[in-house]
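Examining the three-dimensional arrangement
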Amino acid sequence: YISTSSVYGDFQTELVNETHPLEPKDIYGATKLAADRLTLSYYKTYGLPASIVRTTSVYGSGDLENRAAKIFVENALLGKEIMLEGGGAQKRSFSYVKDVARGISLMFASKLNGEVVHIAGDKDYTIRELADVIAQHIPNTRFVDAPARQVDVNRGRLDISKAKRLLGYVPEYPLQKGMHDYIGWMAGEEIVKMDNKII
């Protein structure tokens, strides 16, 4: 089951491992946690082969979800301002989709059962640092500070040492490299050319 760091709610430490308390703050995190717990319950009750992959802030080619990376890149390409809610101080472990896909493949191949494993990037960045990386690739990118969201989560970095130990997982796409590929993909998509109208 593909779960999420949102099941943790506010990170209690800068580096969070798989045993961190599960206290989601929003509907998304709560529903993901419910499915997360159900999956492991089927394993424990019936022996159904199952494990959990928790990832976070996934971005990359093919991603059309309205997450920060997609919104920021799209706005920069269209000449619109990037809104930095709360000044962009929030931290995220941005995870490139190719790293995540490879980590999931390693999980399948391992045949591990009843395990929870983090698959993510190996460094955390602020939202403002994400915007700065985008600006390095797209000239004339403009930022504007905005009020923080009513419900936001204090996050840091997911500890991926368990995935390294059990799966041999090592992310290959730091933010600069991943954003270079993602921006190239977004620049060629009709979704950008149509000014936010999905076709």
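Now for a look at the structure at hand.

About the criteria used
Residues numbered from 1 in each chain as written. Predicted model: local features only at pLDDT ≥ 70, side-chain atom pairs only at ≥ 80, totals over all residues. Heavy atoms only, no water. Buried < 20%, exposed > 50% of the residue type's maximum accessible area, 1.4 Å probe, protein only. Helix = DSSP H or I, 4+ residues; strand = E, 2+ residues; numbered from the N terminus. Arc of directions from axis to C-beta. Contact = heavy atoms within 4.5 Å. Axes fitted to C-alpha atoms, helices over the stretch in contact; angles between N-to-C directions. Left-handed = near helix turned anticlockwise from the far one by under 90°. Nonpolar A, V, L, I, M, F, W, Y, C, P; charged D, E, K, R; others polar. Pairing = 2+ DSSP bridges.

Further remarks concern helix α4 (residues 127-137). Among the residues of α4, Ile127, Leu130, Ala131, Val133 and Ile134 are the ones counted as buried. Projection of α4 onto a plane perpendicular to its axis shows the buried side chains occupying an angular sector of 160 degrees, all on one side. In this fold, the buried residues of α4 make contact with α2 (68-77), β5 (82-85), β6 (91-92), β9 (125-126), β10 (143-146) and α6 (175-187).

Okay, the packing of α2 against α4 next. Helices that pack against each other are described as a pair by the angle of their axes relative to one another and the distance between those axes. Relative to each other, α2 and α4 sit at 35 degrees, their axes nearing to 10 Å. By crossing handedness, the relation of α2 to α4 is classed as right-handed. Across from Ala68, Ala69, Phe72, Val73 and Ala76 in α2, the residues of α4 making contact are Ile127, Leu130, Ala131 and Ile134. Partitioned by chemical class, the residues of the contact of α2 with α4 number nine nonpolar, no polar and no charged.

With burial as the criterion, only one face of β5 is covered, namely that bearing Ile82 and Leu84; the residues Met83 and Glu85 on the opposite face remain uncovered. Sheet topology note: the β5/β10 ladder contains four bridges and is parallel. Pairing of Met83 across the sheet is with Val144, part of β10.

The strand order across the open sheet built from three strands is β1-β3-β8, with neighbouring strands paired in parallel fashion. Each end of this open sheet is capped by a strand with a single partner; those strands are β1 (2-4) and β8 (116-118). On average, each strand axis in the sheet is inclined to that of its neighbour by 35 degrees, with strand direction left out of account. Relative to strand β3 (residues 52-55), β1 runs parallel, the two being bridged by three bridges.

Here Thr126 is to be found in strand β9. For Thr126, a relative accessible area of 17% gives the class buried. In this structure, Thr126 is in contact with Gly88, Ala89, Gln90, Lys91 and Phe94, ignoring residues within four places of it in sequence.

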